Amino acid sequence: MADLELGTHDGVMVATLNRPDKKNATSKEMLEALRTALEQANDDETIRCFVLTGAGNAFCSGGDLGRRSKEMGDPTPLERKNQLAHTQRLALAIEQFEKPLIAAVNGPAVGAGMDLSLMCDIRFAAASARFSEGYIKVGLIPGNGGCWFLPRLVGTARALELLWTGDHVDAQEALRIGLVNRVIADNELMPETLAFAKRLAEGPPLQQRDIKKLMYQGLRTDLRTSLEAVTTHMAVVQSTADYKEAIQAFKEKRKAVFTGR
């Protein structure tokens, strides 16, 4: 059984972390397969949106500490660095992913599992979902970008509280503090997430990619630089067939059909 299962639905790729007996704890094979899937989806014009979820009743319980201790005993500093490299390469691959990336958090997301959800653009949570930056409880620090992603979502003070305590946050509290976009009944999580993803998949892909790029760049730059970048991108999008289609559809009071051209 593969550690990652892939499927496509009307322009949406769905990647399912698939170690339900281990609460979808990460493995080298899982992380490498996910990184490869993201890179391939990024280059595939038929894929317009990407959804990440977990098998069974968990999203991801983090790194597989049991497997590590069994395989490696007491790892050397170099071995520890190599362990981190897989998730860090994944984080960098996600940073390069240009299309909408949605996490459907179907249960506990702990440690590296929570960080994996934070790497996504949008998070939809099942009512049963829980989040914890649990590294501190096993004597570790967040090795997968938690210290970078979390404060950008909930602010520095709240992030430090969660990182220092490792406390669990339930779905409703996650919604209140801005950690997730929506809380959805468990049995409706994937249908609603897929419906939203398919809605995005019907949008103009170049414009979506530019919006994502400009927003994330804007978080790291000043207003003037951001506005200059918008001017450059605007000239490009206004030359596309999708822009012309959108204007024509508006005039004709119909739904636009976007081709990515």
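Predicted model, so just to flag it, every value in this text is computed and none were measured.

Cut-off values and rules
Residues numbered from 1 in each chain as written. Predicted model: local features only at pLDDT ≥ 70, side-chain atom pairs only at ≥ 80, totals over all residues. Heavy atoms only, no water. Helix = DSSP H or I, 4+ residues; strand = E, 2+ residues; numbered from the N terminus. Buried < 20%, exposed > 50% of the residue type's maximum accessible area, 1.4 Å probe, protein only. Contact = heavy atoms within 4.5 Å. Areas by Shrake-Rupley, 256 points an atom, 1.4 Å probe, with all protein chains shown as cover. Lys, Arg positive; Asp, Glu negative; His and termini not counted. Charge placed at Lys NZ, Arg CZ, Asp CG, Glu CD. Pairing = 2+ DSSP bridges. 1 Å grid on protein atoms, 1.4 Å probe; cavity = no way out; pocket = protein on both sides within 12 Å on 5 of 7 lines; lining within 4 Å. Points joined across faces, edges and corners; volume = space filled by probe spheres on them. Nonpolar A, V, L, I, M, F, W, Y, C, P; charged D, E, K, R; others polar. pLDDT = per-residue confidence, 0-100.

Colleague: Tell me about the overall build of the protein chain, residues and numbers included.
Modeller: When you go through the protein chain residue by residue, the secondary structure sums to 11 helices and nine strands. Projected onto the principal axes, the alpha-carbon positions of the protein chain cover approximately 65 × 40 × 35 Å. Here the protein chain holds 261 residues, and the buried ones make up 46% of them. Counted over contacts in the protein chain with a minimum sequence separation of 6, partners at least 24 positions apart contribute 67%. Accessible surface, the protein chain: about 13800 Å² in total, of which carbon and sulfur atoms supply 56%. Of note, the protein chain has its 33 positive side-chain charges centred 2 Å away from the centre of its 33 negative side-chain charges.

Colleague: Lay out the sheet that holds strand β8 (residues 169-170) in plain terms, naming residues and giving numbers.
Modeller: The strands making up a sheet associate through backbone hydrogen bonding, with each pair oriented either parallel or antiparallel. Spatial ordering of the open sheet is given by β5-β7-β8, a layout of three strands whose pairing is mixed. Bordering the open sheet on either side are β5 (108-110) and β8, each of which pairs with just one other strand.

Colleague: Requested: an account of unusual backbone geometry, with residues and values cited.
Modeller: Even without glycine at this site, Asn24 takes up a positive phi of about 60°. Considering the arrangement of structural elements, one finds Asn24 in the loop between β2 (12-17) and α1 (28-43). Non-glycine residue Lys253 carries a positive phi angle of around 55°. For Lys253, the position within the fold is in the segment after α11 (241-252).

Colleague: How would you sum up the layout of surface pockets? Please name residues and give values.
Modeller: Of the pockets and cavities examined, the second largest pocket occupies roughly 730 Å³. Looking at the second largest pocket, it is lined by 29 residues, and the ones nearest its centre are Glu95, Trp148, Phe149, Tyr216 and Arg220. For the lining of the second largest pocket, the per-class residue count stands at 14 nonpolar, six polar and nine charged.

Colleague: Could you give an account of the confidence of the model for the protein chain, naming the residues involved and the relevant values?
Modeller: Looking at the protein chain, pLDDT values average 92 and 92% of them are 70 or higher. Here residues 68-72 is a poorly scored stretch, pLDDT under 50, and it has five contacts once near neighbours within four places are set aside; other chains count.

Colleague: A description of empty space enclosed by the protein should follow, citing residues and the corresponding values.
Modeller: Tallied over the full model, the rule gives three cavities of 30 Å³ or more. The computed volume of the largest cavity comes to approximately 50 Å³. Around the largest cavity, the lining residues are Thr26, Leu31, Thr87, Leu90, Ala112, Leu116, Met119 and Asn144. Here the residues of the lining of the largest cavity sort into five nonpolar, three polar and no charged.

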